[in-house]
Amino acid sequence: MIGQPTILIVDDEPANVEVLAGSLEELYEVQFALSGQEALARARLSPLPDLILLDVLMPEMDGFAICRLLKVDRRTVDIPVIFVTALANPDEEARGFDCGAVDFISKPFNSVVVRARVRNHLEIKRNRELLQRLAITDGLTGLANRRHFEDALSHEVNRQRRRRGDLSLVLIDVDFFKQYNDHYGHPAGDMVLRSLADALVATLQRPADLIARIGGEEFACLLPETEMEGAMAVAERIRSSVEALAMPHACSQASSCVTVSIGVAHVDSGEPDAGHALYKLADAQLYKAKKRGRNQVVG
Ligand code: GH3
Ligand code: MG
Ligand code: MG
Ligand code: MG
């Protein structure tokens, strides 16, 4: 929800739309639809409405049917639906909740009550979205966290298997970071991790690439549609851009600056449990990079 939330009013009676819109348009961007078909089309249009006020009695398709269709569509399932209807009995109200609505308002309605309920449900939706975002975000760097990375890894492995496409994984680990913290202090270490995150974001170019912090000083880049050669090039760009940051590290045995070691692997799309295999292989390559002296890429 950026700027004013958008409310979609669905009612076959233009006069009803008018009254509802009148009580909401000061606070919200208001759209309307006069039929079920129009409502479904509008609800799927980007940017999606933040909330839908839905009449029940309409010719062709009633509000219950519309609500059920909205709730089985991945695009519209999260839009809260409030029924606004003359059907004011508990059975109908129960039916509305059964169809997936969050609330039920009887006509004739009180504008203050409508506004209050709309405000409450928008707030619940905002909080839910915030929670969903926080659950997959790393607090220190703002990158994807380990949970997001693991979900994306299994999702991408399945997708690329269906398409017989390429998938590469780049694992990055900071060299001698324990010594860095011991010498410069933990807050300074955190600053380094933030700078590394920024460098990763600046280095990767494709919107489909996922950059995650998967451990204390470990990062992962999941690169769909990327073959081994491309992934190696990305990894080398990452390594050299970290070196170019020239962040002093007096206690590193690899360099006088902060450096990273990188392991790269590419998925064989036919393999079962390919996600796990991909991770294990990249991790083994990272281990080799450490053994061979750090500040290098092994694939
Ligand atoms: P290597 O080159 O073998 O990777 O050595 P290393 O010291 O980086 O590896 P090790 O795994 O022994 O230590 C990782 C260190 O990373 C431990 C801890 O001090 C530091 N670290 C982990 N998470 C954080 C964090 O969130 N903030 C900061 N500042 N340091 C962290
Ligand atoms: Mg009606
Ligand atoms: Mg480590
Ligand atoms: Mg390390």
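Residues numbered from 1 in each chain as written. Chains lettered and ligands numbered in written order. Predicted model: local features only at pLDDT ≥ 70, side-chain atom pairs only at ≥ 80, totals over all residues. Heavy atoms only, no water.

1. Concerning the environment of H249
Reasoning step 1: Mapped onto the elements, H249 comes out in the loop between α9 (228-245) and β9 (260-266).
Reasoning step 2: Remark: the alpha-carbon pair of H249 and Y184, spanning 65 residues in sequence, is separated by 8.6 Å.
Reasoning step 3: The residues contacting H249, other than those within four sequence positions of it, are D175, F176, Q179, Y180, Y184, S255, S256, C257 and V258. (Helix = DSSP H or I, 4+ residues; strand = E, 2+ residues; numbered from the N terminus. Contact = heavy atoms within 4.5 Å.)

2. Quick look at the coordination of the magnesium ion (ligand 2)
Reasoning step 1: The coordination sphere of the magnesium ion (ligand 2) contains the protein donors D12 (OD), D55 (OD) and L57 (O), at a distance range of 2.1 to 2.2 Å.
Reasoning step 2: Looking at D12, the relative accessible area reads 31%, which means it is partly exposed. (Donors = N, O, S within 2.8 Å, 3.2 Å for Na, K, Ca; no water. Buried < 20%, exposed > 50% of the residue type's maximum accessible area, 1.4 Å probe, protein only.)

3. Side note on the environment of L245
Reasoning step 1: Relative to the assigned elements, L245 resides in helix α9.
Reasoning step 2: Separated by 46 residues in sequence, L245 and A199 place their C-alpha atoms 8.5 Å apart.

4. Concerning the nonpolar core
Reasoning step 1: Counting 28 residues, the largest nonpolar core has V170, I172, L196, F219, C221, I238 and I262 as the members making the most contacts within it.
Reasoning step 2: Taken together, the elements giving at least two residues each to this core come down to β6 (167-174), α7 (177-184), α8 (186-203), β8 (218-224), α9 and β9.
Reasoning step 3: Excluding residues within four positions of it along the chain, C221 makes contact with S168, L169, V170, I172, L200, L204, L210, I211 and I238.
Reasoning step 4: In terms of nonpolar packing, the next biggest core, distinct from the first, is built from 21 residues, V10, L40, M58 and F64 among them. (Core = buried A, V, L, I, M, F, W, Y, C linked by side-chain atoms within 4.5 Å.)

5. Remarks on α7
Reasoning step 1: Residues of α7 that are buried: F177, Y180 and N181. Looking straight down α7, one finds that the buried residues subtend no more than 95 degrees of arc, so they occupy a single side. In α7, those exposed residues whose orientation departs by more than 90 degrees from the buried face are K178 and D182.
Reasoning step 2: Those residues of α7 hidden inside the fold are in contact with β6 and α8.
Reasoning step 3: Directly beyond the C-terminal end of α7, a positive phi value near 95 degrees is found at G185. (Arc of directions from axis to C-beta.)

6. Some thoughts on the site of ligand 1
Reasoning step 1: Taken together, 17 residues sit near ligand 1, with F176, D190, R213, K290 and R294 positioned nearest.
Reasoning step 2: Contacts to ligand 1 include F176, whose backbone N or O atom sits 2.8 Å from an oxygen atom.
Reasoning step 3: Put simply, the parts of the chain that give the shell around ligand 1 at least two residues each are β6, α7 and α8.
Reasoning step 4: Counted by class, the shell around ligand 1 contains 4 nonpolar, 5 polar and 8 charged residues. (Near = heavy atom within 4 Å. Polar contact = N/O pair within 3.5 Å; in protein donor to acceptor, adjacent residues only side chain to side chain. Nonpolar A, V, L, I, M, F, W, Y, C, P; charged D, E, K, R; others polar.)

7. Structural notes on the coordination of the magnesium ion (ligand 4)
Six octahedral donors around a metal ideally sit at 90 or 180 degrees from one another, while four tetrahedral donors ideally sit at 109.5 degrees.
Reasoning step 1: The coordination sphere of the magnesium ion (ligand 4) contains the protein donors D173 (OD), V174 (O) and E217 (OE), at a distance range of 1.9 to 2.2 Å.
Reasoning step 2: Donor residues binding the magnesium ion (ligand 4) come from one chain and are separated in sequence as D-V-x42-E.
Reasoning step 3: The metal-metal distance between the magnesium ion (ligand 4) and the magnesium ion (ligand 3) comes to 3.6 Å, with D173 coordinating both.
Reasoning step 4: Note on D173: relative accessible area 9%, which makes it buried.

That is the geometry; function is a separate question.
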